[in-house]
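Each chain is listed here by its residues.
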Amino acid sequence: MQASEIRELSREEIDEELERTQEELFNLRFRASYEELENPSLIRELRRNIARLMTIRGEAAGADDE
């Protein structure tokens, strides 16, 4: 998910997407612990998406304070 796409989402949608992505990452790590993944780079992609979501959520919270 691109940063521009995330910025178009509401605060609630960002929170929902963040929760869904974190759950997906947990499940992927769990599967990786006992079987080989077809696409191990997906873990890296999910971690980056989580970072983007959290960064933009923080930016929005900072803008709300002003």
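*Asks:* Report on the overall build of the protein chain, specifying residues and quantitative values.
*Replies:* Along its length, the protein chain carries three helices and zero strands. Reading the protein chain from its N terminus to its C terminus gives the helix and strand order α-α-α. The C-alpha atoms of the protein chain give 14 Å as radius of gyration, which overshoots the globular expectation for 66 residues (11 Å, by more than 25%). Overall size of the protein chain, expressed as C-alpha extent along the three principal axes, is 50 × 15 × 15 Å. Pairs at least 24 residues apart make up 63% of the contacts formed inside the protein chain by residues separated by at least 6 positions. Element-wise, carbon and sulfur atoms account for 45% of the exposed surface of the protein chain, whose accessible area totals about 5200 Å². Side chains of the protein chain give 10 positive and 18 negative charges; the mean places of these two sets differ by 7 Å.

*Asks:* Please give an account of the packing of aromatic side chains that cites residues and values.
*Replies:* Scanning the entire structure with this criterion turns up two aromatic pairs. Measuring from ring centre to ring centre gives 6.5 Å for Phe-26 and Phe-30, while their planes differ by 20°; the resulting arrangement is stacked. Taken together, the residues span about one helical turn, with Phe-26 and Phe-30 both in helix H2 (residues 11-34) at a distance of four residues. Each ring, one from Phe-30 and one from Tyr-34, has its centre 5.5 Å from the other, and the planes form 75°; the classification is edge-to-face. Linking Phe-30 with Tyr-34, this pair stays in helix H2, spanning four residues, or about one helical turn. Cluster of aromatic residues (ring-pair linked, three or more members): Phe-26, Phe-30 and Tyr-34.

Conventions adopted
- Residues numbered from 1 in each chain as written.
- Predicted model: local features only at pLDDT ≥ 70, side-chain atom pairs only at ≥ 80, totals over all residues.
- Heavy atoms only, no water.
- Helix = DSSP H or I, 4+ residues; strand = E, 2+ residues; numbered from the N terminus.
- Rg over C-alpha atoms; globule rule 2.2 N^0.38 Å.
- Contact = heavy atoms within 4.5 Å.
- Areas by Shrake-Rupley, 256 points an atom, 1.4 Å probe, with all protein chains shown as cover.
- Lys, Arg positive; Asp, Glu negative; His and termini not counted.
- Charge placed at Lys NZ, Arg CZ, Asp CG, Glu CD.
- Phe/Tyr/Trp six-rings, centres within 6.5 Å; stacked < 30°, edge-to-face > 60°.

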